[in-house]
Every structure is written in structure tokens, then in C-alpha cells.
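Report on the structure
What follows is the residue order along each chain.
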Amino acid sequence: MTNYIVIKKSYSYLGELSLGKPLKISKNEIINIYDLTMQKIFITNKVYKKYLKLLKLVNFYLNSEDDTGTAYHEALNEIEKFRQLVKNKYRAYLLEKELKEMSLELSKKVKIAKDKLVYLNVMNMEYTNENRRSR
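Fair warning: this is a prediction, and the values are worked out from it, not measured in the lab.

1. Looking at the overall build of the protein chain
Counting its regular elements, the protein chain contains three helices and three strands. When the helices and strands of the protein chain are listed from N to C terminus, the series reads β-β-β-α-α-α. Expressed as a percentage of the 135 residues in the protein chain, the buried residues total 30%. Element-wise, carbon and sulfur atoms account for 55% of the exposed surface of the protein chain, whose accessible area totals about 10,300 Å².

2. Let's talk about the side chain of K109
With respect to the secondary-structure elements, K109 resides in helix α3 (residues 96-134). For K109, the residues in contact, after removing those within four places along its chain, are L55, V58, N59, L62 and I79.

3. Brief notes about the packing of aromatic side chains
Two numbers describe a pair of aromatic rings. These are the distance of the centres and the angle of the planes. Counted by the stated rule, this structure contains three aromatic pairs. Ring geometry for Y51 and F82: centres 6.0 Å apart, planes at 35°, overall tilted. Placement of the pair is Y51 in helix α1 (residues 36-63) and F82 in helix α2 (residues 70-90), with a sequence separation of 31 residues. Residue Y51 shares its accessibility class with F82, and that shared class is buried. Centre to centre, the rings of F60 and Y61 are 6.0 Å apart; their planes meet at 50°, and the pair counts as tilted. The exposed category is assigned to F60, whose relative accessible area is 58%. Put simply, the rings of Y48, Y51 and F82 pair up and form one aromatic cluster.

4. Looking at the confidence of the model for the protein chain
Across the protein chain, the average pLDDT comes to 78, with 67% of residues at 70 or higher. Considering only residues more than four positions removed or in separate chains, one finds that residues 10-19, a stretch of pLDDT under 50, has 14 contacts.

5. A word on the pattern of salt bridges
In the structure shown here, the tally under the stated rule is three salt bridges. Here K81 makes a salt bridge to E78, at a shortest N to O gap of 3.7 Å. Here E78 and K81 lie together in helix α2, a separation of three residues that amounts to about one turn. With relative accessibility at 55%, the residue K81 sits in the exposed group. The shortest N-O distance in the salt bridge between D115 and K111 comes to 3.1 Å. You can see D115 and its partner K111 sitting in helix α3, four residues apart, about one turn around the helix. Take D115: its relative accessible area is 42%, and that puts it in the partly exposed class.

Cut-offs and rules
What you see as residue numbers is a count from 1 along each chain, following the sequence as written. For a predicted model such as this one, the threshold for reporting local features is a pLDDT of at least 70, and the threshold for listing and counting side-chain atom pairs is 80 or more; totals across whole chains, interfaces and linings nevertheless cover every residue. Each side-chain value is derived from all of the structure's non-hydrogen atoms; neither hydrogens nor water enter the calculation. Working definition: helices are DSSP H or I runs of at least four residues, strands are E runs of at least two. Numbering for both runs from the N terminus. Three exposure classes are used, based on accessible area relative to the maximum for each residue type with a 1.4 Å probe and protein chains only: buried under 20%, partly exposed in between, and exposed over 50%. Every accessible area reported is derived by Shrake-Rupley at a probe size of 1.4 Å, with residue values counting cover from the shown protein chains alone. In what follows, residue pairs with any heavy atoms lying within 4.5 Å of each other are defined as contacts. A pair of aromatic rings is counted whenever rings of Phe, Tyr or Trp (Trp by its six-membered ring) have centres within 6.5 Å, and the orientation is called stacked for planes under 30 degrees apart, edge-to-face for over 60 and tilted otherwise. The predictor attaches a confidence to each residue, and that confidence, scored 0 to 100, is pLDDT. The term salt bridge refers to a side-chain nitrogen of Lys or Arg lying within 4 Å of a carboxyl oxygen of Asp or Glu.

Listed below in C-alpha cells is the structure:
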């Protein structure tokens, strides 16, 4: 059986950690994890928490009654930021199954947001056409 050592240090800045993968626990606490499987567990939990937070935010944007479409654009921007973060920073630590599940759900949200934007554009075009005719 393998023994693991978790070294917990407190810093007032994101300081010089050379061994292991530094993970930020709170504003001024960082831990180093030296085992790859433990790193994957910690990072998977961290990404999943961010994913749940993103879903709440996107649902809030999509359920808003926004006539300008700003909320839908914000939802699309937040989804894209999360995708880029996962792609660039966390892809090596996540399982393919987890990535597919998150991607599938986010692609559904993107489709909803785009559909609502298209609907708003059509409604705005009809509104401007009606105003032009009445003059």
C-alpha cells in the first residue's frame, strides 16, 4: 500500500512551490500533492464545483426575461470561458467520460441561448418593419 503525504502550508501570497502540483485551497492556503491520482481527485472535484456554479449562473441568465439579449450573450461567454479553462488547464486531469458529460450539457445550454437570441432578432426585425410601415 502506498503512503501519501499531504503538506499543508499557509502563504499570504502565491509563493514559490516547486514540488508537486500546488492547489489553492482558500485565499491564503496552498497544498502540494505529489501523487498523480490524488491530484486528479482534487482537480476533478474543483472543476466539478466550478461546473455546478456555471450551470446555476447559465440557468439564471437563460431564465431571465431580457429583451436585449445581453443575458444570453453573457451565458454564451461564461460557457466559452469554462470550456477554454478546462481545455487549457484541466483536460489532462479529467476523465473522457466526465468531459463528455459536461460538454453535452453545456452544448444543450448553448443551443437554448442561441435559439433565444435568434428569436429575439426575429422579433426585433418584425418590430422595426411594423414601425416602418406605419409611417
